[in-house]
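Residue strings, one per chain:
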Amino acid sequence: MSSPTYSTTPGAELQHDLVRAGFYPQMVQDVLAEAMMSQPVLDHYVHLETHFDHTEVHRHITVMVMSEKVLFIVHVDDQQLDDHGKDVMAQVSVEMISLARIESVATSYVYHQPQHYSAADPVKELTFGLSWDGTKRIDLAPAACGDPQCDADHGLNGTSQPEDLVIRVSAEADGQQAVNKAREFAVRLRLATIA
């Protein structure tokens, strides 16, 4: 698909990273192009994760793309619908967040052997979080009273929490380059949100 969204050098780099990740790259490109409505890509970060659950392998990808005023977040999960993996479905979600609405860009660093730290030491693990008070997750449970004999309906109790984004990147699992890219993207995103 040829789209003005990918016509910049950062757009071409995004396409390259999606192809290298190998997780439905054309589908992700098409969904992004539709969401971005011809806005050019200015910056991006692609994070592919793999989880093992007994005999199954689960992968998902999170792609963050910055345009001039908006951050686009695309998340793709796939799921086998049969035992042989021939029938697969992908669920894609897209969120657009105005850079001005991002309240926090948080980073946590892990360094190995900090007693020997020098400025050239690489970050071995990075946790990168965004908060924009967008989507909320509501957890509900039946309310109860202190009387164990009571069988009345007391309604529901619950909590509402922001469903913001947290990504963890490890040099051991993802490679040092992935940690460096996440760190650099976090710095550039932080700068874009305060501009």
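Right, let's walk through the structure included here. (Residues numbered from 1 in each chain as written. Predicted model: local features only at pLDDT ≥ 70, side-chain atom pairs only at ≥ 80, totals over all residues. Heavy atoms only, no water.)

A few words now on the overall build of the protein chain. Looking only at helices and strands, the protein chain has four helices and nine strands in total. The C-alpha atoms of the protein chain give a radius of gyration of 20 Å, which is well past the 16 Å a tight globule of 195 residues would have. Overall size of the protein chain, expressed as C-alpha extent along the three principal axes, is 70 × 50 × 40 Å. Across the 195 residues in the protein chain, those meeting the buried criterion constitute 30%. A fraction of 60% describes how many contacts in the protein chain between residues 6 or more apart in sequence connect residues 24 or more apart. (Helix = DSSP H or I, 4+ residues; strand = E, 2+ residues; numbered from the N terminus. Rg over C-alpha atoms; globule rule 2.2 N^0.38 Å. Buried < 20%, exposed > 50% of the residue type's maximum accessible area, 1.4 Å probe, protein only. Contact = heavy atoms within 4.5 Å.)

Scanning all chains against the criterion turns up four aromatic pairs. Between the aromatic rings of Phe23 and Tyr24, the centroid separation amounts to 4.8 Å while the plane-to-plane angle is 55°, which identifies the pairing as tilted. Cluster of aromatic residues (ring-pair linked, three or more members): Tyr45, Phe128 and Phe185. (Phe/Tyr/Trp six-rings, centres within 6.5 Å; stacked < 30°, edge-to-face > 60°.)

As defined by bridge partners, strand E5 (residues 104-110) adjoins strand E6 (residues 125-131) across seven bridges and the pair is classed as antiparallel. Bridge pairing in E6 links Ser104 to Ser131. (Pairing = 2+ DSSP bridges.)

Moving on, we come to the layout of surface pockets. Considering only enclosed or pocket space, the largest pocket measures out at about 600 Å³ in volume. Only helix H1 (9-21), strand E1 (43-53), strand E9 (165-170), helix H3 (171-174) and helix H4 (176-194) provide two or more residues apiece to the lining of the largest pocket. A total of nine residues in the lining of the largest pocket trace back to one element, the largest contributor, which is E1. When its residues are assigned to classes, the lining of the largest pocket shows eight nonpolar, six polar and ten charged. (1 Å grid on protein atoms, 1.4 Å probe; cavity = no way out; pocket = protein on both sides within 12 Å on 5 of 7 lines; lining within 4 Å. Points joined across faces, edges and corners; volume = space filled by probe spheres on them. Nonpolar A, V, L, I, M, F, W, Y, C, P; charged D, E, K, R; others polar.)

By size, the foremost hydrophobic cluster in this structure holds 24 residues, and its most contacted members are Met64, Leu71, Phe128, Leu130 and Leu189. Those elements that provide at least two residues to this core are strand E2 (56-66), strand E3 (70-80), E6, E9 and H4. The greatest single-element share of this core, amounting to six residues, is contributed by H4. In this structure Leu130 touches Met64, Leu71, Ile73, Ser104, Val105, Asp164, Leu165 and Leu189, once residues within four positions along its chain are discounted. One finds Met36, Val41, Ile61 and Val76 within the second-largest nonpolar core, a separate group that totals 19 residues. (Core = buried A, V, L, I, M, F, W, Y, C linked by side-chain atoms within 4.5 Å.)

A word on the pattern of salt bridges. Applying the stated criterion across every chain yields a total of four salt bridges. Across the pair Arg188 and Asp43 runs a salt bridge whose closest N-O atoms are separated by 2.3 Å. Of this pair, Arg188 sits in helix H4 while Asp43 is found in strand E1, placing the two residues 145 residues apart along the sequence. Overall, Arg188 belongs to the partly exposed group, its relative accessible area being 35%. Its relative accessible area of 11% is what places Asp43 among the buried residues. (Salt bridge = Lys/Arg side-chain N within 4 Å of Asp/Glu carboxyl O.)

Next up on the list: the sheet that holds E5. Read across the open sheet, the three strands follow the order E5-E6-E9; overall the sheet is antiparallel. Taken across any chain shown, the strands that pair with only one partner, and hence form the sheet edges, are E5 and E9. The mean angle between the axes of side-by-side strands here comes to 10°, regardless of whether they run parallel or antiparallel. Where E6 meets E9, six bridges bridge the pair, whose relative direction is antiparallel. (Axes fitted to C-alpha atoms, helices over the stretch in contact; angles between N-to-C directions.)

The next subject is the side chain of Asp43. Within polar-contact distance, the side chain of Asp43 engages the side chain of Arg188 at 2.3 Å. Other than its neighbours up to four places away in sequence, Asp43 contacts Pro10, Met64, Val65, Met66, Phe185 and Arg188. (Polar contact = N/O pair within 3.5 Å; in protein donor to acceptor, adjacent residues only side chain to side chain.)

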